[in-house]
Amino acid sequence: MTARLHVLLGAGGVGKTTLAAGYALSLARSGSRVGLLGIDPARRLQGALGVTLRDEALPVTGWEEPGVAPRGALNAALLRPEDCLRRWAEESASDPESLAELSRNTFFLALADRLAAAADVLAAIRVAEWAERDPATTDLVVDTAPGLNAIDFLRRPKALTVFLEGRLIHWLRAVAPSRSRGALSDVLRGGARRAVGGLSRLGGTRLILELGDFVSLVEAMLERMLARLDKAQKWLHDPTTEILLVTAVRDDAADAAHKIAGALRAAGLAPTATVLNRALPAALATELTRLTRSDPSENQAPIEPPWPREAHVIATYARLYIEMQERVAAAVAPLSPRLVIVPAARGLDEDARASALTALGDRLRNGLQAADR
Amino acid sequence: MIDALPREPLGLKEPTLPRICLVLGKGGVGRSTLSAALGSALADRGERVLLVEWTIAESIAPWFGSPEADVDPVAIAPRLWAMNFRLDAVLRTYFVDHLKLGLFYRHVVDGPHVRAFIDAAPGLAELMFVGHLWWLTTLAEKEAGLVFDRVVVDAPATGHGASLLDLPGTMASLGATGLLATEIGRVTGMLADPAWLGAIVVALPDELAASETLELVPRVTRDLGRPPLAAVINRCVPSLESKAHPAWIERLSERLSPTARDALEVLTGDLRGRARRAEELSRALSGQTRHGTFLLDEQLATSGKTSPRDVVRALAEEIRTWLPSIENSGHSPEKGDAR
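Predicted model, so just to flag it, every value in this text is computed and none were measured.

Colleague: Looking at this model, I keep getting lost on the overall build of chain B. Mind explaining?
Modeller: For chain B, the helix and strand inventory stands at 15 helices and eight strands. Considering chain B as a whole, with its 339 residues, one finds that 61% of them fall into the buried category. For chain B, the exposed surface amounts to about 12,700 Å²; the carbon and sulfur share of it is 54%.

Take a look at the structure:
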């Protein structure tokens, strides 16, 4: 794989999605062929980009420099588990009947319905699929679910492997054709009978038959998913891969960063950089405090009308914010070799979205490069 | 199937707040903080309250100076307990203590294949979670000596959290019989009972969180068959407009260095945006929840509180002032909007 992978991890609400969108726009503007994958089940990425995204990658426009022929490209997609599963089922199905049967299977429907919670696993698979489908991609930027949920991105999930690696699949495969032949127990022996019997005691025989069908129908698809997952995991461990741990000026976000860094370490990975998002300059706090202080002993010329209560609120807020920012920076600095401080920016919610996002992405990239030197 | 439900829950004085309050919202909106604050507010007025989390790393107990909570409730403050759901431990309790199927558990459920299946099967972990909430509010007293007047649940982040509520439908479509069907029947009865369980949706006054909340509220209403009890907009900020000094920001700005001036513009833009969005969101949510939308202050801006425990305490104080408006009327939709 030639594309460089950029993964953003962090607590909810720290600005990962916005940073991912800005980073992708900035890379595209400087000539890269960029893929941007949003995996948030709550679909925040489209809000940040101001476009409607789908599961299939779509070209995003509106970021090009006016009057300059664009050298780069940006394709963006939003992970929609149900669409992914349908597509993967289609590409793996042996014939239209078994595809139709699968799409009626209650386990498959339940799986599709429930995978929102496992979006990060699907995202890893989707990342490998992306590289297969668009091999010219040079950079793939991946937004992740908040907090430790995202760690599934790094793991080989039990939810998939259990069906393939345990012996359960052999037993269940044996169950599937038995539906026409009769009693479940006839085809099973010993431990298998006990396990499947236990399952049917838990959930009934019909459930087991449906499960057997599901497993035999879905096996090829699951194998393909696992192969892609392995590829994605190798990619994650590639030295060119960039893992950005994002935090905002919030103590809980710093805590989450610590926990995520710990989980990364356990997976044999480390953040390449920590990004402290939405920083304010310390000068704001010192100047506001000085200006709004009404200390007669300093013998200043009286400032026209006195400052309203609101001015004192702002001054206090700025001071506490800077204090927290320093505390958070100190807490997260040891987590990675570099700390990039991205200043708070205006305009991200407003009309000039693409240019504001690109500017944000530029600041992040400059910060990362400056820290490199 | 749900005959064990005590119709008069222990010590419950105001039946309009349900036995279980499920706190929903996306990651980062302050769901855990709000859950802890609501729990503290209820405990402060004399109820025995259990805070339930379902997360990899439990966070509320450490705020109160206790070690991370596990499945067994630990006391973290007077009349306030915390626990963290763990599937394997709860499965064991379910089979061994509740069903008295210790042998079945050891030989079948605890076997690697069935356990792997239970971990992997869609919806089963969620069913066990909701089933555990059922148990906590019914049999836990008899079977484990656990007595709580109220259970406040810090639900997993949005997608996952809301999926707890349509669980009965999804599970029923599996056509299960046996124990699974019994469990599904139990939790269906619980989810359908407004005196037993209600949802509180937490939002932030930012654009992205607001749009998610506007999706989440109708979804909860559809899945539960009734609207959420209330919406809470967290981290709201006081208005910056001053009638007496209309141009104070400009006056202040003139006196700042260029760096600080830019930063002040970003900061005031952010705060004004939040104030505007809180207003828009509470207008958009008007009439969509049973008791209305409540605004909580950003503690950093108002009280200068930054440590989680201080924030929880300050928010609990605010919440105490709303509780009567949730409990004393069937509908007072906009009452809580006044701050």
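Read on, since the account is not over.
Colleague: Explain the overall build of chain A here, please?
Modeller: For chain A, the helix and strand inventory stands at 14 helices and eight strands. Within the span of chain A, comprising 373 residues, buried residues form 57% of the whole. For chain A, the share of sequence-separated contacts (at least 6 apart) that also reach a separation of at least 24 residues comes to 82%. Accessible surface for chain A amounts to roughly 15,300 Å². Of this, 52% is attributable to carbon and sulfur atoms.

Colleague: In this structure, what is going on with the sheet that holds strand β4 (residues 73-78) of chain A? I would like to understand it.
Modeller: Strand pairs in the sheet, formed through backbone hydrogen bonds, run parallel or antiparallel to each other. Residue and element names in this part refer to chain A. Reading across the sheet, the eight strands line up as β3-β4-β2-β5-β1-β6-β7-β8 and stay open at both edges, with mixed pairing between neighbours. Strand pairing shows two members of the sheet lacking a second neighbour, β3 (58-59) and β8 (339-343), which therefore form its edges. As paired strands, strand β6 (residues 242-247) and strand β7 (residues 273-279) are joined by four bridges and run parallel to one another. Bridging from a neighbouring strand, Leu245 pairs with Thr274 of β7. Across the sheet, helix α11 (residues 251-266) touches β1 (4-10) and β6, and the angle it forms with β6 is around 155°. Relative to the sheet, helix α13 (residues 309-332) contacts β6, β7 and β8, its axis offset from that of β7 by approximately 175°.

Colleague: Just to check I follow, could you spell out the packing of α13(A) against helix α13 (residues 258-284) of chain B for this structure?
Modeller: For any two helices packed against each other, the geometry comes down to the angle between their axes and how far apart the axes lie. Put simply, α13(A) and α13(B) touch, their axes get as near as 12 Å, and they point 110° apart. Considered as vectors, α13(A) and α13(B) are oriented roughly perpendicular to each other. Counting all contacts with α13(A), which are made through Ile314(A), Tyr317(A) and Ala318(A), the residues of α13(B) involved are Leu264(B), Leu267(B), Thr268(B), Leu271(B) and Arg274(B). Grouping the constituent residues of the contact of α13(A) with α13(B) by class yields six nonpolar, one polar and one charged.

Colleague: Could you clarify how one ought to interpret unusual backbone geometry in this entry?
Modeller: Negative phi is the rule for most residues except glycine; trans is the rule for most peptide bonds. Residue and element names in this part refer to chain B. Even without being a glycine, Arg79 presents a positive backbone phi close to 60°. Along the polypeptide, Arg79 turns up in the loop between β3 (74-77) and β4 (80-84). Judged by relative accessible area, Arg79 falls into the partly exposed class, the value being 36%.

Colleague: I would appreciate a short explanation of the pattern of salt bridges in the present structure.
Modeller: Pairs can form between side chains of opposite charge once their charged atoms are near each other. All names here are of chain A. What the rule picks out here adds up to 33 salt bridges over all chains. Note that Glu91 is salt-bridged to Arg224, the shortest N-O span being 3.5 Å. Residue Glu91 is located in helix α3 (residues 81-92), and its partner Arg224 is located in helix α10 (residues 205-236); the two are separated by 133 residues in the primary sequence. Residue Glu91 is classed as partly exposed on the basis of its relative accessible area, which comes to 26%.

Colleague: Hey, could you run me through the nonpolar core in this one?
Modeller: Nonpolar side chains in soluble globular proteins generally cluster together in the buried interior. Counting residues in each nonpolar core, the largest one holds 146 residues, and the members touching the most others are Leu284(A), Leu288(A), Val52(B), Phe95(B), Phe129(B), Leu133(B) and Leu136(B). Residues within four places of Phe129(B) in sequence aside, it is in contact with Val52(B), Glu53(B), Trp54(B), Phe85(B), Val153(B) and Leu164(B).

Colleague: What is the right way to look at the side chain of Thr274(A) in this model?
Modeller: All names here are of chain A. Secondary-structure assignment places Thr274 in strand β7. Note on Thr274: relative accessible area 0%, which makes it buried. In contact with Thr274, other than residues within four places in its own chain, are Leu245, Val332, Leu335, Ser336, Arg338, Leu339 and Val340.

Colleague: Please explain the sheet that holds strand β7 (residues 230-236) of chain B as it appears in this structure.
Modeller: Residues and elements named next belong to chain B. Judged by pairing direction, the sheet is mixed, and its eight strands sit side by side in the order β3-β4-β2-β5-β1-β6-β7-β8 without closing on themselves. Looking at the sheet topology across the chains shown, the edges are occupied by β3 and β8 (293-297). Pairs of neighbouring strands in the sheet enclose a mean axial angle of 25°, with direction left out of account. With five bridges joining them, strand β2 (residues 49-53) and β4 adopt parallel strand pairing. Across the sheet, residue Glu53 finds its bridge partner in β4, namely Asn84.

Colleague: Sorry, what's going on with the confidence of the model for chain B here?
Modeller: If pLDDT is low for a region, its predicted coordinates should not be looked at in detail. Residues and elements named next belong to chain B. Overall, the prediction assigns chain B a mean pLDDT of 82, with 84% of residues at 70 or greater. Of the regions scoring below 50 in pLDDT, residues 330-339 engages in 21 contacts with residues more than four places distant in sequence or in other chains. Interface predicted TM-score (ipTM) for the complex: 0.79; the corresponding pTM is 0.80.

Colleague: Please clarify how empty space enclosed by the protein should be interpreted in this entry.
Modeller: It is the rolling of a water-molecule-sized probe over the atoms that shows where space remains empty. Residues and elements named next belong to chain B. As enumerated under the stated definition, the model contains seven cavities of 30 Å³ or more in all. Within this model, the second largest cavity holds a volume of roughly 110 Å³. Every residue along the wall of the second largest cavity is listed here: Val90, Thr93, Tyr94, His98, Met128, Gly131, His132, Trp134, Trp135, Glu183 and Arg186. Where the lining of the second largest cavity is concerned, the elements lending two or more residues are α3 (87-98), α6 (124-136) and α10 (178-192). The dominant element in the lining of the second largest cavity, judged by the number of residues it contributes, is α6, at five residues. Residues that form the lining of the second largest cavity fall into these classes: five nonpolar, four polar and two charged.

Definitions and cut-offs
Residues numbered from 1 in each chain as written. Chains lettered and ligands numbered in written order. Predicted model: local features only at pLDDT ≥ 70, side-chain atom pairs only at ≥ 80, totals over all residues. Heavy atoms only, no water. Helix = DSSP H or I, 4+ residues; strand = E, 2+ residues; numbered from the N terminus. Buried < 20%, exposed > 50% of the residue type's maximum accessible area, 1.4 Å probe, protein only. Areas by Shrake-Rupley, 256 points an atom, 1.4 Å probe, with all protein chains shown as cover. Contact = heavy atoms within 4.5 Å. Pairing = 2+ DSSP bridges. Axes fitted to C-alpha atoms, helices over the stretch in contact; angles between N-to-C directions. Parallel < 35°, antiparallel > 145°, perpendicular 65-115°, else oblique. Nonpolar A, V, L, I, M, F, W, Y, C, P; charged D, E, K, R; others polar. Salt bridge = Lys/Arg side-chain N within 4 Å of Asp/Glu carboxyl O. Core = buried A, V, L, I, M, F, W, Y, C linked by side-chain atoms within 4.5 Å. pLDDT = per-residue confidence, 0-100. 1 Å grid on protein atoms, 1.4 Å probe; cavity = no way out; pocket = protein on both sides within 12 Å on 5 of 7 lines; lining within 4 Å. Points joined across faces, edges and corners; volume = space filled by probe spheres on them.

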